[in-house]
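# Geometric and topological summary
Chain by chain, the residues run as shown.
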Amino acid sequence: MTKRPLNLDPDRFFPPEDRVRTIARELYATVSDLPIISPHGHTDPAWFASNAPFSDAASLLVVPDHYVLRMLYSQGVRLEDLCVPRRDGTTSTDTRAAWRLFAKHFHLFRGTPTRAWFDHVFSEVFGFDYQLDAGTADAYYDTITEALATPAYRPRAILDRFKVEFLATTEGALDPLDHHGTLNADGWGDRIVTTFRPDDVLDPARVGLAERLDRLAVLTGERTDTWEGYLRALRVRRAFFKVMGAKATDHGHPTARTANLSVTECRALFDRVRLPSPSPEDCELFRAQMLTEMAGMSLDDGLVMQLHPGSFRNHNPALFAQFGTDKGADIPVATNYVDALKPLLDKHGNNADLTLIVFTLDETTYARELAPLTGHYPCLRLGPPWWFHDSPEGMMRFRQQVTETAGFYNTAGFNDDTRALLSIPARHDLARRMDCRYLAGLVAEGRLDADEAFDLAFELTDRLVRDAYKLDSRPTGMD
Amino acid sequence: MTKRPLNLDPDRFFPPEDRVRTIARELYATVSDLPIISPHGHTDPAWFASNAPFSDAASLLVVPDHYVLRMLYSQGVRLEDLCVPRRDGTTSTDTRAAWRLFAKHFHLFRGTPTRAWFDHVFSEVFGFDYQLDAGTADAYYDTITEALATPAYRPRAILDRFKVEFLATTEGALDPLDHHGTLNADGWGDRIVTTFRPDDVLDPARVGLAERLDRLAVLTGERTDTWEGYLRALRVRRAFFKVMGAKATDHGHPTARTANLSVTECRALFDRVRLPSPSPEDCELFRAQMLTEMAGMSLDDGLVMQLHPGSFRNHNPALFAQFGTDKGADIPVATNYVDALKPLLDKHGNNADLTLIVFTLDETTYARELAPLTGHYPCLRLGPPWWFHDSPEGMMRFRQQVTETAGFYNTAGFNDDTRALLSIPARHDLARRMDCRYLAGLVAEGRLDADEAFDLAFELTDRLVRDAYKLDSRPTGMD
Amino acid sequence: MTKRPLNLDPDRFFPPEDRVRTIARELYATVSDLPIISPHGHTDPAWFASNAPFSDAASLLVVPDHYVLRMLYSQGVRLEDLCVPRRDGTTSTDTRAAWRLFAKHFHLFRGTPTRAWFDHVFSEVFGFDYQLDAGTADAYYDTITEALATPAYRPRAILDRFKVEFLATTEGALDPLDHHGTLNADGWGDRIVTTFRPDDVLDPARVGLAERLDRLAVLTGERTDTWEGYLRALRVRRAFFKVMGAKATDHGHPTARTANLSVTECRALFDRVRLPSPSPEDCELFRAQMLTEMAGMSLDDGLVMQLHPGSFRNHNPALFAQFGTDKGADIPVATNYVDALKPLLDKHGNNADLTLIVFTLDETTYARELAPLTGHYPCLRLGPPWWFHDSPEGMMRFRQQVTETAGFYNTAGFNDDTRALLSIPARHDLARRMDCRYLAGLVAEGRLDADEAFDLAFELTDRLVRDAYKLDSRPTGMD
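You'll find chain A entered in an unreviewed UniProt entry as Uronate isomerase, with Hyphomonas johnsonii MHS-2 given as the organism. Regarding chain A, the relevant UniProt record gives this comment under Sequence similarities (unreviewed entry): "Belongs to the metallo-dependent hydrolases superfamily. Uronate isomerase family."

## Quick word on the relation of the copies chain C and chain A
In this arrangement, two copies of a chain are superimposed by a rotation about an axis accompanied by a shift along the axis. Overlay of chain C on chain A (RMSD 0.0 Å): rotation 120°, translation along the axis 0.0 Å. Here the two chains are linked by the operation of a three-fold rotation axis. Here only 5% of the contact residues of chain C are again contact residues in chain A; the copies associate through non-equivalent surfaces.

## Thoughts on the interface of chain B and chain C
Listed as interface residues are 44 residues of chain B and, on the opposing side, 48 residues of chain C. For the pair chain B and chain C, the summed buried surface comes to about 3,700 Å²; carbon and sulfur atoms form 50% of the total. Considering only the surface of chain B that becomes buried against chain C, B:R368, B:H376 and B:E404 emerge as the three largest contributors, covering 19% of it. One can count ten salt bridges joining chain B with chain C. Salt-bridge contacts for B:E459 lead to C:R110; the nearest nitrogen and oxygen are separated by 3.9 Å. At the surface where chain B touches chain C, the tally comes to 30 residue pairs in polar contact (both at pLDDT 80 or more). For the side of chain B that touches chain C, the elements supplying multiple residues, two or more each, are α1 (18-29), α16 (342-348), α17 (364-374), α18 (392-406), α19 (424-444) and α20 (450-468) of chain B. For the side of chain B that touches chain C, a count of residues per class yields 16 nonpolar, twelve polar and 16 charged.

## Considerations on the packing of aromatic side chains
Counted according to the given criterion, the structure contains 96 aromatic pairs over all chains. On the numbers, 4.9 Å between centres and 70° between planes, the contact of A:F196 with A:F241 is edge-to-face. Taken together, the residues span a long stretch of sequence, with A:F196 in strand β5 (residues 196-197) and A:F241 in helix α12 (residues 227-243) at a distance of 45 residues. In terms of burial, A:F196 and A:F241 fall into one category: buried. Considering the side-chain rings of B:Y67 and B:W117, the 5.2 Å spacing of their centres and the 85° angle between planes classify their relative orientation as edge-to-face. With B:Y67 in helix α4 (residues 66-74) and B:W117 in helix α6 (residues 113-125), this pair connects stretches of sequence that are 50 residues apart. This pair shows no difference in class: B:Y67 is buried, exactly as B:W117 is. By the ring-pair criterion, three or more aromatic residues cluster together here, those being A:W99, A:F102, A:F106, A:F109, A:F118, A:F122, A:F128, A:Y130 and A:Y140. In this structure, A:K3 packs its charged tip against the face of A:Y130, placed 4.1 Å from the ring centre.

## Here we look at the sheet that holds strand β1 (residues 36-38) of chain A
Residue and element names in this part refer to chain A. A sheet is described by the order of its strands in space; here three strands give the open sequence β1-β2-β4, paired in parallel fashion. The open sheet has two edge strands with one neighbour each: β1 and β4 (192-193). As paired elements, strand β2 (residues 164-168) and β4 share two bridges and run parallel to each other. Opposite L167, over in β4, you have I192 as the bridge partner. Lying over the sheet, helix α19 (residues 424-444) contacts β1 and β2, oriented at roughly 100° with respect to β1.

## Regarding the domain arrangement of chain A
Residues and elements named next belong to chain A. Per the domain assignment, the segments of chain A are domain 1 (36-52 + 165-415) and domain 2 (55-153). On a C-alpha basis, the centres of domain 1 and domain 2 stand 30 Å from each other. The interface is formed by 17 residues belonging to domain 1 together with 13 residues belonging to domain 2. A combined buried area of about 1,300 Å² lies between domain 1 and domain 2, and 62% of that area is made up of carbon and sulfur atoms. Where domain 1 packs against domain 2, one counts zero salt bridges. The interface formed by domain 1 and domain 2 contains four residue pairs in polar contact (both at pLDDT 80 or more). For the side of domain 1 that touches domain 2, the element with the most residues is helix α15 (residues 317-323), which contributes five residues. Tallied by class, the residues present in the side of domain 1 that touches domain 2 amount to eight nonpolar, five polar and four charged.

## Focus: the interface of chain C and chain A
Counting residues at the interface gives 44 residues for chain C, matched by 48 residues for chain A. Carbon and sulfur atoms make up 50% of the surface buried where chain C meets chain A, a total of about 3,700 Å² over both sides. Considering only the side of chain C, the residues that lose the most area to chain A are C:R368, C:H376 and C:E404, jointly responsible for 19% of the buried surface there. At the junction of chain C with chain A, the criterion picks out eleven salt bridges.

## What to know about the sheet that holds strand β4 (residues 192-193) of chain B
Sheet strands line up and pair through hydrogen bonds in the backbone, either parallel or antiparallel. Residue and element names in this part refer to chain B. Taken in spatial order, the three strands line up as β1-β2-β4 in an open sheet, and their pairing is parallel. What marks the edges here is a single partner per strand, and that holds for β1 (36-38) and β4. Pairing analysis gives three bridges linking β1 to strand β2 (residues 164-168), with the strands arranged parallel. Note that in β2 the partner of I37 across the bridge is F166. The strands touched by α19 are β1 and β2; relative to β1, the strand with the most contacts, the crossing angle is about 100°.

## Points about the environment of B:T220
Residues and elements named next belong to chain B. Assignment of secondary structure puts T220 in helix α11 (residues 209-220). Sequence spacing of T220 and P113 is 107 residues, and the spatial spacing of their C-alpha atoms is 43 Å. Setting aside residues up to four positions removed in sequence, T220 forms contacts with A233, V236 and R237. Side-chain polar atoms of T220 contact the backbone oxygen of L216, separated by 2.7 Å.

## Things to note about the relation of the copies chain B and chain C
Once chain B is rotated about the relating axis by 120° and shifted along it by 0.0 Å, it coincides with chain C to within an RMSD of 0.0 Å. Of the residues that chain B buries at the interface, just 5% are likewise interface residues in chain C, meaning the two copies contact each other through different surfaces.

## Comments concerning α4(B)
Since the α-helix turns once every 3.6 residues, residues separated by three or four places project in the same direction. Residues and elements named next belong to chain B. The buried count for α4 comes to nine of nine residues, which makes it a mostly enclosed element. Residues H66, Y67, V68, L69, R70, M71, L72, Y73 and S74 constitute the buried set of α4. Among the residues of α4, the N-terminal cap falls to D65, whose side-chain oxygen and the backbone nitrogen of Y67 are separated by 2.9 Å.

## Some points on the packing of helix α11 (residues 209-220) of chain C against helix α12 (residues 227-243) of chain C
Residue and element names in this part refer to chain C. Across the interface, α11 lies against α12 with an axial gap of 9 Å and an inter-helix angle of 60°. In terms of orientation, α11 lies oblique with respect to α12. When the axes of α11 and α12 are compared, the crossing they make is left-handed. Two secondary-structure elements touch here, α11 through L213, L216, L219 and T220 and α12 through Y230, A233, L234, V236 and R237. Across the contact of α11 with α12, the residue classes break down as seven nonpolar, one polar and one charged.

What counts as what
- Residues numbered from 1 in each chain as written.
- Chains lettered and ligands numbered in written order.
- Predicted model: local features only at pLDDT ≥ 70, side-chain atom pairs only at ≥ 80, totals over all residues.
- Heavy atoms only, no water.
- UniProt positions renumbered as here; feature names shortened; annotations may be inferred.
- Least-squares fit on C-alpha atoms with pLDDT ≥ 70 in both.
- Contact = heavy atoms within 4.5 Å.
- Buried area = accessible area lost by both parts, 1.4 Å probe.
- Salt bridge = Lys/Arg side-chain N within 4 Å of Asp/Glu carboxyl O.
- Polar contact = N/O pair within 3.5 Å; in protein donor to acceptor, adjacent residues only side chain to side chain.
- Helix = DSSP H or I, 4+ residues; strand = E, 2+ residues; numbered from the N terminus.
- Nonpolar A, V, L, I, M, F, W, Y, C, P; charged D, E, K, R; others polar.
- Phe/Tyr/Trp six-rings, centres within 6.5 Å; stacked < 30°, edge-to-face > 60°.
- Buried < 20%, exposed > 50% of the residue type's maximum accessible area, 1.4 Å probe, protein only.
- Lys NZ or Arg CZ within 6 Å of the ring centre and 35° of its normal.
- Pairing = 2+ DSSP bridges.
- Axes fitted to C-alpha atoms, helices over the stretch in contact; angles between N-to-C directions.
- Domains from an automatic or database assignment.
- Parallel < 35°, antiparallel > 145°, perpendicular 65-115°, else oblique.
- Left-handed = near helix turned anticlockwise from the far one by under 90°.

Here it is, written out as C-alpha cells:
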C-alpha cells in the first residue's frame with residue numbers, strides 16, 4: 001500500500017471563486033498568527049500543573065475525544081477496543097491496537113471537522129507528510145508517541161508553541177483547584193484559569209445532591225441546609241474560584257428555563273429538592289431559579305455567565321452503564337429561549353453590567369430567537385457555534401443566520417470548547433478562516449467595505465473575546 | 001478624522017461569480033426602475049394628508065425605527081438619549097445629540113440590512129458621498145435637516161420621487177380614517193389606501209376590550225354586546241374601510257391558531273371574553289375563531305386577508321412600561337401552521353375566491369409547513385420574508401426553501417412592511433436584487449431558461465403583487 | 001406561437017464557478033451511467049407483472065403524480081378536470097383535455113424539481129426538442145401516447161432501458177403479492193421485489209382494524225385476537241414477504257414515537273385498541289410499541305427497517321372525501337426523534353445487526369437530532385432527503401447539515417421513492433449530480449482529497465445503498 005500524501009491546502013476552507021478567495025486570503029493573513037485566546041474549554045489542568053509528558057498517541061488523541069468515539073461506535077467499533085476505561089475499572093491497555101483501529105476507520109471522518117482537525121495536528125504539530133490509514137498506523141503511532149516523550153511536547157511547551165495566551169479550564173464547584181494552585185504558584189495563573197461550573201451543586205436531578213451539599217458546607221463553612229445558607233455557600237465558592245483566577249461561570253442545564261420565585265417559594269422548593277427522589281418538575285424549577293440567582297451573583301462579583309443548554313446527556317443507557325459520561329452519546333434537543341429566559345431577563349436583562357453568554361445546539365433558534373434576543377437585551381451576548389456546529393458549515397450558518405439581526409458586536413468571538421489539547425490551534429484556525437470567508441463574501445457583494453472587514457477580522461478573533469469575557473489586559477504569561 | 005467614502009456598489013448583493021453576476025445584472029436592469037407597489041406597510045397617513053415637512057434627521061430616521069433602537073439598546077445606549085418619547089410624556093428634545101449617538105454607534109450595523117438601507121438613503125436620497133460616523137454626524141444632521149425643510153422632501157413629493165405607485169398603510173378598526181378622507185378628497189385615495197387591522201377589537205387579551213367594543217358600537221350603530229351584533233359591527237366597519245380604499249385586512253395574532261366553533265359555542269365564548277380577566281385559553285380560542293370569521297367576511301367583501309403570527313410582543317416589561325410598544329423588544333417564537341390553520345382551511349381552504357396571505361417569523365416552517373400548505377390550498381399565498389428576515393440572507397433562504405415546493409406563483413411578491421418612509425426604495429431595491437440573484441443562479445445552473453427568468457423578474461416585482469392583493473388596474477394617481 | 005427549444009444543459013445542477021464545476025463534471029462522469037438501484041419506491045407491480053402498455057400521456061404522467069396535482073390544485077385547477085378518479089367511481093375520461101390543462105399550467109413548475117424531472121423525461125425518454133406549453137400540448141400528447149403503445153415503452157422494456165438493476169415496490173401486509181408471484185415465475189423476482197408495509201394492520205386509528213385483523217388471521221392461520229397470536233401472525237406475514245423477495249419493511253407512522261411496554265401492558269393495550277373508537281393516545285402508544293416489536297422481528301429475520309414519520313396525511317378533508325389519498329394534501333409536521341426513538345434504541349440501539357433507516361420531512365432535525373443519533377447508534381442509518389426535500393436545494397441542505405456530524409458512511413444513498421416510473425432516471429441523475437456537486441465543493445475548498453471524492457461518488461451511488469439494504473450480490477436479472 002503506497003502512502004497517500006498529506007498536504008494542507010493553504011487556501012483550505014476559503015471559497016473557490018477567485019474574487020472572494022483573494023479577499024479572504026488577505027483578511028486571514030492579518031489574523032492567522034494572532035495569539036490564541038481560549039475562554040472556554042475542557043482541557044485537564046493537571047496536565048499543565050504537573051507538566052508531565054503524555055504517554056502515547058492513542059491515550060492523548062483517541063481515548064478522550066468523544067467526536068472520535070461516537071463515529072467509530074456508530075460503525076460497530078467497540079469502545080473497549082479503543083482503550084476507553086470501563087466504570088468497573090477494567091481497561092484495555094493495548095493502545096497500539098486502539099490506534100490501529102482508529103487508523104483503519106479514519107475514512108469515516110471524511111467531510112467532518114474531526115478529519116480537518118486531525119490532519120492539521122498531524123501536519124502542523126507532528127510534521128507528517130503522508131496520510132493516516134491502516135498502512136501507516138504504526139508509523140504514526142511510533143512517531144507521535146516518541147515525540148510526546150520529548151520536552152517540546154510537554155503540556156506547557158505545547159501552549160507556548162501554540163501561542164495560547166489565555167486558556168480557561170472548567171471545574172465543578174467542589175473541586176479543590178489544586179492544579180490551579182500549582183499553576184498560580186508557578187506564575188502561570190494569569191494564563192490558565194479555572195471556570196466555575198456548579199451544575200453538580202445546582203441540579204437535584206443528579207444523584208447524590210445531599211452528600212455534595214454537605215461537602216459544600218465543609219468547604220465554605222456555611223450551612224447548606226437552608227436556602228440562605230446555601231446561597232451564601234455558593235457566593236463563598238464563587239469568590240474562591242475568582243481568587244484562583246476564574247473569569248466566568250458555566251451552566252450546562254438541560255434547558256434554558258429560568259425562574260424568579262419569591263424567597264418563600266425558594267425556601268420551600270429548596271427543602272423539597274433535598275428530599276430523596278425530587279420530582280422532575282421540581283428539579284427543573286430549581287435549576288431555573290438557580291440560573292437567576294447566578295445572574296444576580298454575577299452582578300455582584302463580575303463573573304461572566306455562560307449558559308449551554310439543550311443537550312440530552314447520556315442518551316444511551318447501556319453505554320453509560322459501562323463507560324460513563326462523555327462518550328459521544330449526548331444528543332441535542334429542540335431548545336426554547338424566548339419563554340425560558342424571560343424570568344431572568346425580566347429581573348436582570350436591562351443591566352449592562354451583567355454579561356450572559358448564551359449558546360445553543362438548536363440552530364433553528366439562531367435567527368428566530370437568539371439573534372433577536374441578543375440584538376435587544378444589553379446583558380446578552382451570543383456564544384459561537386457549539387459542539388456539533390463547530391465546523392465549516394456550522395460556522396457559516398451561524399454568521400448567515402445571526403449577523404443580519406444581532407450584528408457582529410453582540411457575538412462573543414470563538415470558543416474551542418475542547419478537551420483535545422493538540423486540536424486547539426486547528427480549531428481556532430478553522431474559525432478564523434471561516435470568519436474571513438464570511439467577511440470576504442460581504443465585501444465581494446458590496447455589503448461591507450474592505451477596511452471594515454479588516455477591522456472585523458481582528459475584532460472577531462481578539463477584541464470581542466476580551467470584551468465578552470472581561471479580559472481587560474494582556475496577561476503576564478505571554479510577555 | 002478623514003471622511004470615509006460612501007459609494008454604493010452598482011452590483012451590490014449580486015453574487016461574485018462572473019457568470020451569475022452577469023445574468024443577475026441583466027435581469028435587474030429590467031426591473032430596477034419599475035414603480036413601487038407597497039401593499040403592506042406602516043407609514044403614517046398623517047404625513048401624506050398634511051404633507052407637512054419632516055422636522056429633522058433624528059426624528060425621521062432614528063426615533064421611529066425599531067431596528068435602530070434595538071441594536072443601540074443592546075449595546076447599552078439609553079432610549080431616552082435617542083429622543084424616544086416616554087409614556088409619561090417626557091421626551092428629550094435634543095435631536096442633534098440623538099443623531100450623534102446614532103452616528104457614533106453606526107458601526108454596530110455592519111453586516112445588517114439596516115446598514116444597507118441607510119447607506120442607500122444617505123447616498124440616493126440625500127446625495128452623501130462620505131460615510132456616517134462620529135466625525136461626520138453634524139454634517140449629516142445639518143444636511144438632512146435642511147433638506148427636509150424643502151418642498152422636494154415633503155411627504156407627497158417623496159412618494160413621487162420614489163415612484164411609489166401604490167402604498168397601503170395600516171389602521172385599527174376604530175380609527176376614523178380622517179387622514180385617508182383627506183387623501184381621498186385630494187385625489188390621492190387610489191394611491192394611498194388604508195388596511196383594516198382589527199386586532200384591537202378581536203383580542204380580549206388586550207386591556208380595555210369592553211370600552212373598545214362600546215366605541216365600535218357607536219361607530220357602527222350596531223349592538224356589540226351580542227355575538228351577532230358584534231359580527232354585524234365588524235362587517236359595517238370592514239365596509240367603511242373598503243369604501244375608504246382598503247384592499248386588505250391584517251391580523252397580528254400571537255399564533256396562527258384558528259377555530260370553527262358552533263354559533264352556540266361562539267355566543268358563550270363571546271360572553272366569557274367580555275368579562276373582566278378572561279382566561280388566556282379563552283382569549284386564544286376567541287382570536288382563533290375570529291380568524292375564521294374574518295375569512296368568511298373576506299369571501300363576502302373581497303378584502304384580501306393577511307396573517308402575521310408568531311411575535312412575542314413587548315418581551316421586555318421594564319422597557320414597555322417606560323416607552324411602550326414597537327421599541328425593538330418583540331421576539332419571534334416557534335410557530336405552527338399545519339394544525340393551527342386547519343379549522344379555517346377545513347371551512348374555506350378550497351375556495352379560490354379567498355386570498356389568505358400567510359407570513360412567518362419562524363423560518364423552519366418555510367419548507368416544512370408553509371410551502372406545502374400554499375402549494376396545495378387554493379386560498380393560500382405565501383407572504384415575503386418578514387421583519388427580521390427582510391434581508392439578503394433571509395430572502396435567499398426564503399427562495400431556496402420555498403420555491404421547490406410552492407413554486408413562484410404561490411408567493412405574493414414583496415412587502416416593505418416599514419414605517420421608515422425614506423427606506424422604501426432601498427428595501428424594494430434589495431428585494432429586486434435578491435430575486436434577480438436567485439433567478440440568475442437558476443439560469444446559470446441550467447434550472448431555468450433565461451426567457452423565463454426575465455418573465456419571473458417582472459412577475460415577482462409587479463404582477464404577483466397585483467394578483468395577490470387584487471390590485472386590478474393602474475391607479476389614477478400615477479397617470 | 002413559436003416552439004420554445006428544450007435542451008437539457010449537460011452541466012445542469014453543477015455550480016457555476018469553473019473550478020468546482022470542472023471537478024463536479026469529472027466526478028459525475030464516473031457515476032452517470034451506473035445502474036440504478038431503487039430500494040424504496042411506489043411503482044405498481046401490476047405494470048411489470050402484466051407488462052401491458054400504458055394507455056396515454058395523461059394517465060401515466062399526470063393522474064398518479066401528486067406533485068403535479070398539488071401544484072395545479074393550488075392554482076385553482078379542479079382535480080376532476082385532470083381525470084383524477086373520484087371515490088364514487090366517476091371519472092372524466094378526456095385525458096387529452098387533462099393533458100392540455102397540465103400543459104397550459106406547466107409554467108407553475110418553474111424552479112421546482114417537477115419541472116426538472118419532466119424536462120428530463122420529455123427530452124431523454126421521448127426525444128422532444130421543444131418545450132411543453134399550451135401550444136405544444138397536442139403534439140406532446142400524441143407523440144407520448146403513440147410511443148407508449150410500442151414495445152419499447154412496455155414496463156419491462158423501460159426498466160431495461162433505464163438500467164434499473166433493482167426496484168423495490170411497497171405493499172400492505174394483507175396484499176396477496178400476486179404480481180410479485182408472476183414476476184418470480186417470469187424470472188424477474190430478484191430484480192423487482194416487494195417491501196413489507198404493515199401500517200394497515202399496526203395502526204388502530206385507521207378505520208376497520210378488526211376486519212383487517214380477521215383477514216390477517218385467515219392469511220396466516222394464526223389467531224389475531226390475542227397479543228401473542230397477533231405477533232405470530234405478523235412474523236408469518238413477514239416470512240411470506242421475505243420469501244417473495246422483500247429486503248425491507250417500511251413504516252409510515254405519524255410520529256417517530258416508540259415504546260417498550262411489558263407484555264402485560266401490551267396485552268391490555270392490544271385489547272383496548274381493538275375496541276371501537278380507541279383513544280388517540282392508545283393508538284399512538286400501540287403504533288409506538290409496534291415499531292419496537294418490528295425492530296425485534298427485524299433482528300430475527302434480517303429485514304431492514306425503514307421509518308418515514310412526520311406527514312399529516314389527508315390534511316384537506318373535503319378533497320379526501322371526494323378523491324381519497326395521495327392527491328397532494330399531505331403536509332409535513334415538526335418531528336421529534338430524540339425522545340421518540342429512545343425506547344426502541346434503549347432496547348435494540350446498540351445492536352449492529354439491526355438496520356433502521358430513518359427519514360424525515362422536518363429538516364430542522366438533520367443537524368440537531370438525526371446526524372447526532374445516526375452518528376452514534378450502530379443500528380441507525382439516515383435515509384436520503386425525502387419527498388418535498390428530494391430536490392437540488394433539499395439535497396444540498398441534507399449534505400451540508402448532516403455530513404459534518406454523521407459523515408457519509410451513516411447515510412444510505414439515494415431513494416427515488418416514486419410512483420412516477422418514467423421519472424426514475426431523472427431523479428437518480430439529479431441525486432448523482434448533487435452529490436458530485438457537494439463533493440466537488442469539498443475538494444475545491446481543500447476539505448477532501450480528489451481521490452476520496454471519486455471513491456465517495458461511487459459509494460453514495462452504489463455501495464452505501466447495497467450496504468444499507470443488505471443487497472449483497474448482483475441480481476441475476478441484469479446479467
